[in-house]
Amino acid sequence: YMINGVVADSGQWRFGWWVFVGAGILGLIVASLLISEAPKVEPATEEMMPISVAKESSLYRSGEETLGKALRSPLLWAICLTMLALMSGSAFILAHAQVYLRDNGFSPTVAASSVSILSVAIVGGNIGFGSLAAYAGLMRTYLLALAIFAAGLCLLVVVRSEESLAVFAIVSGIGFGAGQVGAMALLGHYWSTRLFPALTATGLLVQTAGGGLVPMFAGAYFDAHHSYLPVIYILAAATVAAGLVLGVVSLPSTKCRVVGTRPHADEPAE
């Protein structure tokens, strides 16, 4: 709404970027005043974790873990695949959803409101993930987030009113927001904090490089066929498929359990 108002009042799109500049400066000030280096604390043990999270005791963490071993892990690349799917869908929404909505009769102001609603919903997904994961488990909650985001993409196809537009934006935002937190939580859960920065960089590289190509290909398809529908369905299906891959890869296996860790609650002791 703010950017749309600035552009409308000034008559120039470039003035909309000053909103981002102002927000960045404000964020820098708030971060410098409120955020400081946290004191070093001992990592949480399984006894300190909620029961459902403790059940997902790490199969990959050990005192001898290295970046090389982590990069050879199927679980890591499955997580990266889901990050790519989330970024692909969100990049499409940001680049093409407003064009799609305007082609379906919505005014520029109403179409732009979808981004505002989606942004607020993302915050809800960010916050809600932690609360749900404490009871349902990290992996289950992350897979649920992927399913919700895929459903949000499909809802874009049936948007015909301002109410249905809001539903699309809320569902998509919650799914994407929860997915953002979920991917980072899984990387931090299955590997140590020492490897977390490098693994996060790997995931972000995959999702940014791959997801950044989606708007270009989606635009090329629209120019050729004058429809976004196949692209939307493919992105939704890709998100679900990535979740299924992660679910299969992350199944407990006694062969890869680190010596000394206790079995999962649903896994028989040897």
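Residues numbered from 1 in each chain as written. Predicted model: local features only at pLDDT ≥ 70, side-chain atom pairs only at ≥ 80, totals over all residues. Heavy atoms only, no water.

Digging into unusual backbone geometry
Part 1 of the reasoning: Positive phi, normally seen in glycine, also occurs at H226, with a value near 55°.
Part 2 of the reasoning: Relative to the assigned elements, H226 resides in the loop between α10 (214-225) and α11 (229-249). (Helix = DSSP H or I, 4+ residues; strand = E, 2+ residues; numbered from the N terminus.)

Topic: the packing of aromatic side chains
Part 1 of the reasoning: If you walk through the whole model with that rule in mind, you get five aromatic pairs.
Part 2 of the reasoning: Centroid distance Y100 to Y228: 6.3 Å. Interplanar angle 70°. Geometry classified as edge-to-face. Of this pair, Y100 sits in helix α5 (residues 74-103) while Y228 sits in the loop between α10 and α11, placing them 128 residues apart in sequence. Judged on exposure class, the residue Y100 and its partner Y228 are both buried.
Part 3 of the reasoning: One aromatic cluster is present, formed by F92, Y100, F222 and Y228 through successive ring pairs. (Phe/Tyr/Trp six-rings, centres within 6.5 Å; stacked < 30°, edge-to-face > 60°. Buried < 20%, exposed > 50% of the residue type's maximum accessible area, 1.4 Å probe, protein only.)

Brief notes about the confidence of the model for the chain
Segments scoring low in pLDDT should not have their predicted coordinates read at a detailed level.
Part 1 of the reasoning: Residue-level pLDDT values for the chain average 83, and 81% of them are 70 or greater.
Part 2 of the reasoning: Considering only residues more than four positions removed or in separate chains, one finds that residues 51-59, a stretch of pLDDT under 50, has 35 contacts.
Part 3 of the reasoning: Overall, residues 253-270 carries pLDDT values under 50, and its contacts beyond four positions in sequence, including any with other chains, amount to 28 contacts. (pLDDT = per-residue confidence, 0-100. Contact = heavy atoms within 4.5 Å.)

Points about the nonpolar core
Part 1 of the reasoning: Grouped together as the largest cluster of nonpolar side chains are 52 residues, with contacts concentrated most on I79, F92, Y142 and W191.
Part 2 of the reasoning: Listed by contribution, the elements that provide at least two residues to this core are α5, α6 (108-136), α7 (138-157), α8 (162-190), α10 and α11.
Part 3 of the reasoning: The dominant element in this core, judged by the number of residues it contributes, is α5, at twelve residues.
Part 4 of the reasoning: What I79 contacts, discounting residues up to four positions off in sequence, is Y142, A183, L186, L187, W191 and L246. (Core = buried A, V, L, I, M, F, W, Y, C linked by side-chain atoms within 4.5 Å.)

Section: the side chain of Q207
Part 1 of the reasoning: Relative to the elements of secondary structure, Q207 occurs in helix α9 (residues 196-211).
Part 2 of the reasoning: The exposure class of Q207 is buried, given its relative accessible area of 13%.
Part 3 of the reasoning: Residue contacts for Q207: discarding those within four places in its chain leaves M83, L84, M87 and G212.

Some remarks on the environment of A111
Part 1 of the reasoning: With respect to the element layout, A111 can be found in helix α6.
Part 2 of the reasoning: Under the relative-accessibility criterion, A111 is labelled buried at 0%.
Part 3 of the reasoning: Separated by 13 residues in sequence, A111 and Q98 place their C-alpha atoms 5.3 Å apart.
Part 4 of the reasoning: With residues near it in sequence (within four places) discarded, A111 still touches Q98, L101, R102 and F106.

Comments concerning α9
Part 1 of the reasoning: Its 16 residues give α9 an end-to-end C-alpha distance of 22 Å, which sits within 8% of 22 Å, the value for a rise of 1.5 Å per residue.
Part 2 of the reasoning: In this structure, the buried side of α9 is in contact with α4 (67-71), α5, α8 and α10. (Expected span 1.5 Å × (residues − 1).)

Some remarks on α5
Part 1 of the reasoning: In this model α5 runs 42 Å from its N-terminal to its C-terminal C-alpha over 30 residues, within 8% of the 44 Å that 1.5 Å per residue would give.
Part 2 of the reasoning: The sharpest bend along α5 measures roughly 50° and falls at H96.
Part 3 of the reasoning: Its side-chain oxygen placed 3.2 Å from the backbone nitrogen of L75, S73 serves as the N-cap of α5.
Part 4 of the reasoning: Phi turns positive, to about 100°, at G105, one or two residues after α5. (Bend = angle between axes of the 7 residues up to and from the residue. Polar contact = N/O pair within 3.5 Å; in protein donor to acceptor, adjacent residues only side chain to side chain.)

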